[in-house]
Amino acid sequence: MAVCIAVIAKENYPLYIRSVPTENELKFHYTVHTSLDVVDEKISAMGKALVDQRELYLGLLYPTEDYKVYGYVTNSRVKFVMVVDSSNTALRDNEIRSMFRKLHNSYTDIMCNPFYNPGDRIHSRAFDNMVNSMMMQVC
């Protein structure tokens, strides 16, 4: 089960963070922000190949005792981070990849909104509903 989904701006500040158990929200914020170092390492390791690459899925960033953290980066260097419960062994890599594609498509829809200023926090019911459905779908 996905327990936290975050959208992080190019400058590494959160545009959107949603976590399911709200009592551990601060823990998930910390987990997301610590994963940004791993994301930056993977991006710099790919170098210029990342610009030419069509698949921007970074894969498993790091596992913890209770959770696994996955990452995805867009061409504009916006980062998506997903924290998944480690007890869910049925969740495969291609399912995580498709969840990130859905998240990216929904983010693109927000960017196409003429009333959204790029860099502002995301306040969209449609985006919230899509994230909630992704979190419930994985359960």
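The residue count restarts for each chain, going from 1 along the sequence in the order it is written. Reporting in this predicted model follows two pLDDT cut-offs: at least 70 for local features of residues, and 80 or more for side-chain atom pairs to be given and counted; totals over whole chains, interfaces and linings ignore these cut-offs and use all residues. Computation of side-chain values covers all heavy atoms of the structure but excludes hydrogens and water.

Re the confidence of the model for the chain
Item 1. Residue-level confidence of the predictor, termed pLDDT, takes values from 0 up to 100. With 91% of its residues at a pLDDT of 70 or more, the chain shows a mean pLDDT of 87.
Item 2. Counting from the N terminus, the helices are the DSSP runs of H or I reaching at least four residues and the strands are the DSSP runs of E reaching at least two. Confidence scores differ between elements of the chain, with helix α2 (residues 49-52) showing the lowest mean pLDDT of 53 and strand β2 (residues 14-19) the highest of 94.

What about the layout of surface pockets?
Item 1. Quantified by volume, the largest pocket comes out at close to 160 Å³.
Item 2. Cavities and pockets are found on a 1 Å grid laid over the protein atoms alone: a cavity is a set of points where a 1.4 Å probe fits but cannot escape, a pocket is an open set with protein on both sides within 12 Å along at least five of seven lines, and a lining residue has an atom within 4 Å of such a point. Surrounding the largest pocket, 14 residues form its lining, S76, V78, Y107, M111 and P118 being those nearest its centre.
Item 3. Here the element with the most residues in the lining of the largest pocket is helix α3 (residues 93-111); it accounts for four residues. Grid points are joined across faces, edges and corners, and a volume is the space filled by probe spheres set on the points.

Re the side chain of S86
Item 1. On the secondary structure map, S86 appears in the loop between β5 (79-85) and α3.
Item 2. The buried label applies to any residue whose accessible area, calculated with a 1.4 Å probe on protein chains only, is under 20% of its type's maximum; exposed applies above 50%, and partly exposed to all values in between. Residue classification places S86 among the buried residues on the basis of a relative accessible area of 18%.
Item 3. If we skip the residues at most four places from it in the chain, S86 touches T64, E65, D66, Y67 and K68. Throughout, a residue-residue contact means that at least one pair of heavy atoms, one from each residue, lies within 4.5 Å.

Notes on the nonpolar core
Item 1. Among the nonpolar cores identified, the biggest contains 47 residues, and V7, M82, F100, L103, I122 and F127 are the most heavily contacted of them.
Item 2. Of all elements in the fold, only β1 (2-8), β2, α1 (25-46), β3 (57-63), β4 (67-73), β5, α3 and α4 (125-138) reach the threshold of two or more residues within this core.
Item 3. Considering every element that reaches this core, the biggest residue donor is β1, with seven residues.
Item 4. Residues within four places of M82 in sequence aside, it is in contact with A2, C4, I5, K68, V69, Y70, I96, M99, F100 and M134. We call a set of buried Ala, Val, Leu, Ile, Met, Phe, Trp, Tyr and Cys residues a nonpolar core when their side-chain atoms join them within 4.5 Å.

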